[in-house]
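# Fold and geometry: a report
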Amino acid sequence: MSSGIPHANIAATGPVTRGDFLMLLFWFADTRAVPHVRGVAGLARLTRLALILGEETGMSREITPFFDFHPTPAGGVASADVWTELLALRAYQVIEPLPEPGVAPAEEASERTFLLANHIPAHERAHYPMPAQFERDVLTNKGTFFAAKREDQMVQRRIAVFQNIVEWNDKPLAALTERAATYLRQVAAR
């Protein structure tokens with residue numbers, strides 16, 4: 001029986017959780033882009049940013065469990081855990097999806113399809129809908145509060161890495177894929 005999207009522990013004290021980590025990613029994507037709210041467009045971009053930042057900040061060794069990342073047959077990077085956490089943050093009203101003008105990158109649909117076919121049990125697939133249109137996710141006021149509280153607890157070294165999010169977010173998806181792929185520890189699925 002499906003348990004649906006698991007509850008995300010979003011707290012401003014104690015060990016950093018996967019939800020905290022993604023909130024910080026969204027927080028720095030927006031606060032470093034002031035006065036514009038940028039958010040992160042698409043799961044493919046979010047997954048690559050999470051892999052890069054997790055490794056470069058050392059959080060991948062501290063958050064238990066961290067996200068599992070999988071190379072895709074088309075040379076991309078996919079994570080069912082990032083998708084699950086994104087949906088949990090939406091359910092908790094920490095982030096919300098907004099329509100994104102333009103065409104979604106081909107990687108977006110193919111990586112979600114790869115995850116549904118290979119990493120999400122058939123009885124849980126209904127909880128992971130394919131978006132009807134390309135979307136970006138942005139923090140809500142609730143998410144901004146939690147992310148700001150967590151930022152206050154971060155050490156300076158990590159904050160310096162997070163401040164690169166706007167620059168990385170502006171790079172083409174192929175450049176993010178190339179950078180993220182250096183951190184993959186598995187052979188591409190066939």
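Before reading on, note that the structure itself is shown above.
Definitions and limits used
Residues numbered from 1 in each chain as written. Predicted model: local features only at pLDDT ≥ 70, side-chain atom pairs only at ≥ 80, totals over all residues. Heavy atoms only, no water. 1 Å grid on protein atoms, 1.4 Å probe; cavity = no way out; pocket = protein on both sides within 12 Å on 5 of 7 lines; lining within 4 Å. Points joined across faces, edges and corners; volume = space filled by probe spheres on them. Helix = DSSP H or I, 4+ residues; strand = E, 2+ residues; numbered from the N terminus. Nonpolar A, V, L, I, M, F, W, Y, C, P; charged D, E, K, R; others polar. Phe/Tyr/Trp six-rings, centres within 6.5 Å; stacked < 30°, edge-to-face > 60°.

## Side note on empty space enclosed by the protein
Tallied over the entire structure, the rule returns one cavity of 30 Å³ or more. Considering only enclosed or pocket space, the largest cavity measures out at about 50 Å³ in volume. Lining the largest cavity are Leu-43, Ala-44, Thr-47, Ala-78, Ser-79, Glu-107, Glu-108, Glu-111, Arg-112 and Leu-115. Those elements giving two or more residues to the lining of the largest cavity turn out to be helix H2 (43-57) and helix H4 (106-118). The dominant element in the lining of the largest cavity, judged by the number of residues it contributes, is H4, at five residues. By residue class, the composition of the lining of the largest cavity is four nonpolar, two polar and four charged.

## A short note on the packing of aromatic side chains
Under the criterion given, the structure shown has ten aromatic pairs. Ring centres 6.2 Å apart and planes at 35° place the aromatic pair Tyr-92 and Phe-146 in the tilted group. Taken together, the residues Tyr-92 in the loop between helix H3 (80-91) and strand S4 (95-99) and Phe-146 in helix H5 (residues 141-153) connect sequence positions 54 residues apart. What links up through ring pairs into an aromatic cluster is the set Phe-21, Phe-28, Phe-66, Phe-67, Phe-69 and Phe-162.

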